[in-house]
Amino acid sequence: MGNVGGVQLTWRNGLDSSEAAEVMALLDKAEQADGVAPVGEHVILRLKAHRDVIHQIEPVQADVRSEHFVVRDAGSVLIGYAHLDTEHEKTAGQLVAELAVHPDHRRKGVGARLVEALLDRAELSPEPAPDLGRLRIWSHGEHPGAVRLAERFGLSRPRELWRMGRDLAAPELPEPELAEGVRIRTFRAGRDEPSVVEVNHRAFAWHPEQGGMTEQDLRAKEREEWFDPAGFFLAVDGKDRLLGFHWTKVHPGGMGEVYVVGVDPAAQGGGLGRSLTVAGLRHLRDTGSRQVMLYVEGDNAPAIKVYQRLGFEKWDTDVQFGR
């Protein structure tokens, strides 16, 4: 896409093994510098599942959900990267991007080059304009550099994702309270995937990312090192029909996460989501996690109140900037 001042930006519809490894190393450097990962989990999963470029000559063989923007300096060292999620481009006309700049090369125009390339790909003018909802760019942890870029390019702030957390030692966790005939059991790999995906779709039909989870997506996460069926709790009725679930996660270093809590709309309103959350929190505490975190939409006041009652406080914010 052009060489300016010795810096080369190129577009890719796929990365070979070597370049994918370079990108992962760059993302690690950015996370070490900022204390927060610059991209979401789904980007990491797609990078791990990449195909070599040689196998992506025909678009049908490529991961058509991902495009990659790569910035290298005059010595061909990777100094910037942007991932563009095109999964909803045809259905909703929306593109979602996440980007990272090497800590040693910030405040030198690399981030601006990436944003310009993303705007060009989205066929948007680099000049400020009314929000069209065409392009969204995530800033995890509301990074100051991202805020400056948003101001420079006149990007709006249509979405916030709160990260909330609490210590697991105190306040004391209550006991789960279940309605008659309802019990909580753990996930059975190879058997429960269809029902979890079905309930997840109904529970998150409104959600731009979570609602689209497929059985293939679920099975891919089961292959991740962190996956533990003993931390995946399912609420079922007397006929073992799934009513809701709480999928927990433990990060390297021991930080627990309320990864996903989903309740079938037909089973909502009776406190099942709270009870599932408590069951997962108690499990994380009892298996050694000292703290736990979760993500919740910044405008989801009812959910935020539930988590606040369970002792959670706001830690930081992920912001979606866009046009």
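How each quantity is defined
- Residues numbered from 1 in each chain as written.
- Predicted model: local features only at pLDDT ≥ 70, side-chain atom pairs only at ≥ 80, totals over all residues.
- Heavy atoms only, no water.
- Helix = DSSP H or I, 4+ residues; strand = E, 2+ residues; numbered from the N terminus.
- Buried < 20%, exposed > 50% of the residue type's maximum accessible area, 1.4 Å probe, protein only.
- Contact = heavy atoms within 4.5 Å.
- Arc of directions from axis to C-beta.
- Salt bridge = Lys/Arg side-chain N within 4 Å of Asp/Glu carboxyl O.

### Re the environment of F245
Right, so step 1: Its place among the elements puts F245 in strand β10 (residues 242-250).
Right, so step 2: We classify F245 as buried; its relative accessible area is 1%.
Right, so step 3: Those residues in contact with F245, other than ones at most four positions away along the chain, are V196, V199, N200, F232, F233, L234, V260, V261, G262 and L276.

### Comments concerning helix α5 (residues 144-152)
Right, so step 1: Those residues of α5 lying buried are G145, L149 and A150. For α5, the angular spread of buried residues about the axis comes to 140 degrees, placing them on one side.
Right, so step 2: On its buried face, α5 is in contact with α4 (110-121) and β13 (313-322).
Right, so step 3: G154 occupies a position one or two residues after α5 and carries a positive phi of about 65 degrees.

### Observations concerning the pattern of salt bridges
Right, so step 1: On inspection of all chains with the given rule, the structure shows 29 salt bridges.
Right, so step 2: We note a salt bridge from R285 to D286, for which the minimum N-O separation is 3.0 Å.
Right, so step 3: Connected through shared salt-bridge partners, R183, R185, R188, D192 and D240 make up one network.

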